[in-house]
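Take a look at the letters that make up each chain.
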Amino acid sequence: ERLVAAPFFHANQYQTLDVLDQVISNSSAHRLARVTSLPQPRNGSQALWVLGDQGDHLFPIFHDDVSHARGELSDWTLATVLLDLDQGTTDLMMGNPRNLKVLRRFNILGHLEQ
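These numbers come from a predicted model, not from an experiment.

Draft legend 1. Local environment of the overall build of the protein chain. A count of helical and extended segments in the protein chain gives 4 helices and 3 strands. Along the chain direction, N to C, the helices and strands of the protein chain fall in the order α-α-α-β-β-β-α. Structurally, the protein chain occupies a C-alpha span of about 45 × 35 × 25 Å along its principal axes. Residues classed as buried in the protein chain amount to 30% of the 114 residues present. The contacts in the protein chain between residues at least 6 apart in sequence include a share of 25% that link residues at least 24 apart. Of note, the protein chain has its 9 positive side-chain charges centred 8 Å away from the centre of its 13 negative side-chain charges.

Draft legend 2. Fine view of the sheet that holds strand β1 (residues 81-84). What the 3 strands build is an open sheet, ordered β1-β2-β3; its pairing is antiparallel. In the strand order of this sheet, the two ends are held by β1 and β3 (102-107), each with one partner. Geometrically, the sheet is characterised by an average inter-axis angle of 15 degrees between neighbouring strands, direction not taken into account.

Draft legend 3. Region of the structure containing the environment of Ser67. Tracing the backbone through its elements, the reader meets Ser67 in helix α3 (residues 65-69). Along the chain, Ser67 and Gln54 lie 13 residues apart, while their C-alpha atoms are 6.7 Å from each other. If we ignore the near neighbours within four places in the chain, the residues touching Ser67 are Gln54, His57, Pro60, Phe62 and Glu72.

Draft legend 4. Fine view of a nonpolar patch on the surface. Among the surface-exposed residues, Tyr14, Leu17 and Val19 lie close enough to one another that they form a single nonpolar patch of about 300 Å² accessible area. With respect to the helices and strands, Val19 occurs in the segment before α1 (26-37).

Draft legend 5. Representation of the packing of aromatic side chains within the structure. Following the criterion strictly, the structure yields 0 aromatic pairs and no others. The ring of Trp49 is capped by Arg98, whose NZ or CZ atom sits 3.8 Å from the centre of that ring.

Draft legend 6. Just α1, in detail. Its 12 residues give α1 an end-to-end C-alpha distance of 17 Å, which sits within 8% of 16 Å, the value for a rise of 1.5 Å per residue. Taken together, the buried positions of α1 are occupied by Ser27, Ser28, Arg31 and Val35. Viewed end-on, α1 has its buried residues packed into an arc of 95 degrees, placing them on one side of the element. Those residues of α1 that are exposed and aimed more than 90 degrees away from the buried face are Asn26 and Thr36. On the buried face of α1, the contacting elements are α2 (44-51).

Draft legend 7. Representation of the pattern of salt bridges within the structure. Under the defined criterion, the tally for this structure stands at 3 salt bridges. Taking the shortest distance from any N to any O, the salt bridge between Arg98 and Asp53 comes out at 3.0 Å. Of the two residues, Arg98 sits in the loop between β2 (89-93) and β3 while Asp53 sits in the loop between α2 and α3, which places them 45 residues apart along the sequence. Residue classification places Arg98 among the partly exposed positions, given a relative accessible area of 29%.

Rules behind the numbers
Throughout this description, residue numbers start from 1 for each chain and increase along the sequence as written. Reporting of local features is limited, given that this is a predicted model, to residues whose pLDDT is at least 70; pairs of side-chain atoms are given and counted only at 80 or more, and all residues count toward the totals for whole chains, interfaces and linings. Heavy atoms from the whole structure form the basis of all side-chain values; hydrogens and water molecules are not counted. Where helices and strands are cited, they refer to DSSP runs of H or I of at least four residues and of E of at least two residues respectively, numbered from the N terminus. Each residue is placed in one exposure class: buried if its accessible area under a 1.4 Å probe, protein chains only, is under 20% of its type's maximum, exposed if it is over 50%, and partly exposed if it falls in between. Residue contacts are defined here by distance: any two heavy atoms, one from each residue, within 4.5 Å place the two residues in contact. Charged residues are defined here as Lys and Arg on the positive side and Asp and Glu on the negative side; His and the ends of the chain fall outside this count. One atom stands in for each charge, and that atom is NZ of Lys, CZ of Arg, CG of Asp or CD of Glu. A pair of strands counts as paired when DSSP detects no fewer than two bridges linking them. Lines are fitted to the C-alpha atoms to define the axes, a helix being fitted only along its stretch in contact, and any angle between axes, read from their N-to-C directions, falls within 0 to 180 degrees. Put simply, a patch holds well-exposed residues, over 30% relative accessible area, that have no salt bridge, with like charges counted together within 9 Å and Val, Leu, Ile, Met, Phe, Trp or Tyr side chains within 5 Å. Per-residue accessibility takes into account occlusion by the displayed protein chains alone, with areas from the Shrake-Rupley method and a 1.4 Å probe. Salt bridges are defined as contacts in which a side-chain nitrogen from Lys or Arg sits within 4 Å of a carboxyl oxygen from Asp or Glu. Centres within 6.5 Å make a pair out of two Phe, Tyr or Trp rings, where for Trp the six-membered ring is used; the pair is then stacked when the planes are under 30 degrees apart, edge-to-face when over 60, and tilted otherwise. Lysine and arginine charges are scored as sitting over a ring when NZ or CZ, respectively, is within 6 Å of the ring centre and within 35 degrees of the ring normal. Working rule for helices: expected span equals 1.5 Å times residues minus one. As used here, the arc is the angular range of directions from the helix axis to the C-beta atoms.

Take a look at the structure:
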């Protein structure tokens, strides 16, 4: 168990476990470096703003048609999800999460009470 007192970001690598022979890809290294250069989010909207960032044109945090048209060298983002434990919701975002468009909202409290 570990107390998380601030937003925590990972890019497909372990940061808090000692993993022998862990290989960190260029994409993961770039995305981690980029997120540490951005303001720390204080709410869900700000976290989505960070997750939608495309400031690193070669290896952006969010991968889509726009980033690939700009010359991105990495993969594609399949989905972005925001879990709001205070509200008991999970939002599946549509497209770049910076646009704050929710495709589907799930009420997780109802499922936890059953």
